[in-house]
Amino acid sequence: MSLKAIFKKPVDRPIEGVIKADDSESLRLEVEEYVLTNEVQKRLEQFLDAYNDYQNANGVWLSGFFGSGKSHLLKMLALVLENRQIDGFSTLEAFLEKCDDNEMLRGALKKAARVPSQSILFNIDQKADVISKTQVDALLSVFVKVFDESCGYYGKQGYIARFERDLDRRDQFDKFRQAFERAAGISWEAGREQALLEGDNIATAYAEATGKEADSAHGILDKYRQDYRVSIEDFADMVRDHIDRQGDDFRLNFFVDEAGQYIASDTKLMTNLQTIAESLATKCRGRSWIIVTAQEDMDRVLGEIKLPEGDDFTKIQDRFRNRLKLTSTNVAEVIQRRLLKKKDEAVPAVSKLYEQHSGNLKTLLGFADGSATYRNFTDSEHFVDCYPFIPYQFDLFQSVIQSLSAHNAFEGKHSSVGERSMLAVFQQVAREIEDHEIGQLATFDLMFEGIRTALKANVQKSITRAERNLEDEFAVRLLKALFLVKYVREFKATVHNLGVLMLESFDQNVGELKKQVEGALSKLEQQTFIQRNGEQYEYLTDEEKDVEQEIKDTDIDIADAMAELDKLAFDRVLKLPKIGHPEYTHEYKYSRKVDDRLYGREQEMAVHLITPLHEHAGNLDNLRSWSALNESELLIV
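Quick caveat: nothing in here was measured; it's all calculated off a predicted structure.

## A closer look at the nonpolar core
One broad rule of soluble globular proteins: the nonpolar side chains tend to lie buried together. Among the nonpolar cores identified, the biggest contains 86 residues, and F397, F444 and L501 are the most heavily contacted of them. Among the elements that line this core, the one with the most residues is helix α27 (residues 473-484), at 9 residues. Once residues lying within four places of it in the same chain are set aside, the contact partners of F397 are M422, V425, F426, F444, M447 and I451. In this structure, M238, L252, A294 and F320 belong to the second largest nonpolar core, which totals 39 residues.

Here it is as structure tokens:
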């Protein structure tokens, strides 16, 4: 029996590996394919308790590593809370069927869906296509844009949206659109995109809709453009006004995909997100929620942002108190249920395979030599769920993705962005081996092809060269496996452990495999594709770049850096505890200063080191004036 024959659904069927927030073409399929795992059920219960019983925290931080299903869950939440109907298909009913025996979750979902609401779902990077992150109000501009669009206004130009909103509030917007179409011969939706060319027609239509003189309406959009300003408070007021118009219980919720990456390492953007959530909470009192996705949990993101002393970020933690974190356990369950589900008639054959080899699995699949311990098959049912994959592959591949992201190996706007989800990678591997006989295993090196197109060219240069020049196919495959585990510190790339990664079947001769691995490693080392460190082997990249990246990734407290500069400058370079004069025998102690910080005791004279980190380092005139006023201080810039 081939592996292809044991799966309940064809492994080569189209599965959307990357869920896009703005894709509405396959909504029903995305809902039907979604797997409500045990982990997600627990997280949803916690979130829905907060959503149904508002306790002053209107933010949700949905985190997980790349490909863990954050975007899919975000999209499902947006559909379910709105109780969206898709061609007569109820997303709520579909989700209730996925709840198994969880009556608490089923009841919470029904209660949440009964609240009338509107979901605004968007990928922040896509919506910020023309907005620079360096703008003071970059994040606010994106929120205003998507809110205007959801109301039917022209989000690309805020002043035009405000013009439309003002007309709408006076019940004159429909009259204006009809008058514009008569005057211009095109619809307002088409005309507003070329508003600069339609000035006269806009003035004519505005005068007709409002009953004002045509002369007074001339250049009306120019006035709006000149006067257009929007603050976070203005935005919150607009949202509250929109909510109030819809009814007492109505809610407007923002579902923001990739927000964590957008604000990463930017204190200003993080502060803006905090203030937006705070203002919506104050103005809307639980009737407007912000649910965001991020690659990391909030504590990790806050830890990576260099915060000036005195900044208080407890507010954003209070506001985003509701945390939904997805782990590899969740991903493994999704892959098993969506991709690896077995036909009923194939289960006995797979179970028999487990019975034949269960006594030997610990030896065959166990890592040694100080490597991390990974989960093995626990019983026959677990074996049936995972096969032809091995449990360690789910956790190890997650570590691979995270470590490659940390070393900036992926193409994309952010270091954590990849083009594939774990589901798509595992599907590609399953398709690769679907014609193999039952008893064969998925080797770990096959995972490389699943992420290859998302990797930067320079990081996989050695593999490309090996494929061109090495005739040993096994050596090339082993090189790919070594690349995958290069940055996974808990994995020790010894001969034994690499043999586990390359095990192709339960019947394979382990002794022969070990010799094959040793021969391939010897060949790769001779060709300088890898290097050996004791008993471990490592894939070689541009080491200088690796070191540079390691340095950049090391967080240094500014006070520690200044203290180190003090030691370098005064103890190792100057080496003078006192200042003397060749004509006099007396010597004087002096103060040691670095960037206005005193190290040691205060003395009458001082040597003051000004580093490039000083606030006036680039202003020599300012420093000269300062030095002239402090004659007892030697300033070294």
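## Concerning the sheet that holds strand β4 (residues 117-123)
Across the sheet, which stays open at both edges, the 5 strands sit in the order β4-β5-β6-β1-β7 with parallel pairing between neighbours. In this open sheet, the two edge strands, each paired with only one partner strand, are β4 and β7 (322-325). When strand polarity is set aside, the average angle formed by the axes of neighbouring strands in this sheet is 15°. Bridge count for strand β1 (residues 59-63) against β7 is 4 bridges, and the pairing is parallel. Residue pairing in the sheet places L62 in a bridge with L324 of β7. Here helix α7 (residues 138-150) sits on the sheet and contacts β4, β5 (251-257) and β6 (290-294); the angle it forms with β4, its principal contact strand, is near 130°.

## As for α7
End to end, α7 covers 19 Å across 13 residues, agreeing with the expected 18 Å (1.5 Å per residue, within 8%). Along α7, 10 of the 13 residues are buried, which leaves the element largely enclosed by surrounding structure. What α7 keeps buried is the set A138, L139, L140, V142, F143, V144, K145, V146, F147 and D148. Positive phi appears at G152, one or two residues downstream of α7, with a value of about 90°.

## Description of the confidence of the model for the protein
With 91% of its residues at a pLDDT of 70 or more, the protein shows a mean pLDDT of 85. Confidence over residues 413-419 falls short of pLDDT 50; this stretch has 19 contacts with residues more than four positions distant or in other chains.

## Looking at the environment of D621
Positionally, D621 belongs in helix α32 (residues 620-629). Judged by its relative accessible area of 56%, D621 is exposed. Spatially, the C-alpha atoms of D621 and N458 are 45 Å apart, while their sequence positions differ by 163 residues.

## A short note on the environment of E564
By the element assignment, E564 lies in helix α31 (residues 558-574). The class of E564 is partly exposed, set by a relative accessible area of 40%. For the pair E564 and Q46, spaced 518 residues apart in sequence, the C-alpha separation works out to 47 Å.

## Concerning the pairing of strand β14 (residues 633-636)
Of the two faces of β14, the one lined by E633 and L635 is fully buried and the one lined by L634 and I636 carries no buried residue. Across 4 bridges, the pairing between strand β13 (residues 605-609) and β14 is parallel. Bridging across to β14, H608 finds its partner in L635. For the segment spanning β13, α32 and β14, crossover handedness is right-handed.

## What to know about helix α9 (residues 173-184)
Across its 12 residues, α9 extends 16 Å between first and last C-alpha, which sits within 8% of the 16 Å expected from 1.5 Å per residue. Buried within α9 are the following residues: F173, F176, A179 and F180. Projected down its long axis, α9 carries its buried residues within an arc of 125°, all on one side. Projecting away from the buried face of α9 at angles above 90 degrees are the exposed residues D174 and R182. On its buried face, α9 is in contact with α8 (158-169), α10 (188-191) and α11 (199-210). In the stretch just after α9, G185 is the one whose phi turns positive, near 80°.

## Some words on the packing of aromatic side chains
Overall, the coordinates contain 33 aromatic pairs when judged by the stated rule. With centroids separated by 5.6 Å and ring planes inclined at 15°, the aromatic side chains of Y34 and F95 adopt a geometry described as stacked. Separated by 61 residues along the polypeptide, Y34 in the loop between α1 (27-33) and α2 (38-52) and F95 in helix α4 (residues 91-97) bring together distant segments of the chain. The buried category is assigned to Y34, whose relative accessible area is 8%. Here F95 falls in the buried class, since its relative accessible area comes to 3%. Taken together, the ring pairs connect F163, F176, F180, W188, Y206 and Y224 into an aromatic cluster. A cation sits over an aromatic face here: R177 above F173, 4.9 Å from the ring centre.

## With respect to the packing of α7 against helix α16 (residues 267-284)
Between α7 and α16, whose axes approach to 8 Å, the crossing angle comes to 45°. Here α16 runs oblique to α7, going by the angle between their axes. Side by side, α7 and α16 meet where A138, L139, L140 and F143 of the first sit next to L269, N272, L273 and I276 of the second. For the contact of α7 with α16, a count of residues per class yields 7 nonpolar, 1 polar and no charged.

## Concerning the pattern of salt bridges
Tallied over the entire structure, the rule returns 34 salt bridges. Across the pair D241 and R169 runs a salt bridge, and its minimum N-O distance is 3.6 Å. With D241 in helix α14 (residues 232-246) and R169 in helix α8, the pair connects residues that are 72 residues apart, well separated along the chain. According to the relative accessible area criterion, R169 is partly exposed, its value standing at 40%. Notably, a salt bridge pairs R592 with D571, separated by 3.0 Å at the nearest N-O pair. With R592 in strand β11 (residues 584-594) and D571 in helix α31, this residue pair connects regions lying 21 residues apart in the sequence.

## Points about the side chain of Q508
Locating Q508 in the fold gives a position in the loop between α28 (495-501) and α29 (510-526). When near neighbours in sequence (up to four residues on either side) are disregarded, Q508 contacts M502, L503 and L513.

## Some details on the packing of α14 against α16
Relative orientation of the contacting elements α14 and α16 amounts to 40°, with a least axis distance of 9 Å. One finds that α14 runs oblique with respect to α16. Crossing hand, α14 versus α16: right-handed. Note on element contacts: α16 touches α14 through N272, T275, I276, S279, L280, K283 and C284, opposite I232, E233, F235, A236, D237, V239, R240 and I243. By residue class, the composition of the contact of α14 with α16 is 8 nonpolar, 3 polar and 4 charged.

Conventions used here
Residues numbered from 1 in each chain as written. Predicted model: local features only at pLDDT ≥ 70, side-chain atom pairs only at ≥ 80, totals over all residues. Heavy atoms only, no water. Core = buried A, V, L, I, M, F, W, Y, C linked by side-chain atoms within 4.5 Å. Buried < 20%, exposed > 50% of the residue type's maximum accessible area, 1.4 Å probe, protein only. Helix = DSSP H or I, 4+ residues; strand = E, 2+ residues; numbered from the N terminus. Contact = heavy atoms within 4.5 Å. Pairing = 2+ DSSP bridges. Axes fitted to C-alpha atoms, helices over the stretch in contact; angles between N-to-C directions. Expected span 1.5 Å × (residues − 1). pLDDT = per-residue confidence, 0-100. Right-handed = clockwise from strand over helix to strand, strands pointing away. Arc of directions from axis to C-beta. Phe/Tyr/Trp six-rings, centres within 6.5 Å; stacked < 30°, edge-to-face > 60°. Lys NZ or Arg CZ within 6 Å of the ring centre and 35° of its normal. Parallel < 35°, antiparallel > 145°, perpendicular 65-115°, else oblique. Nonpolar A, V, L, I, M, F, W, Y, C, P; charged D, E, K, R; others polar. Salt bridge = Lys/Arg side-chain N within 4 Å of Asp/Glu carboxyl O. Left-handed = near helix turned anticlockwise from the far one by under 90°.

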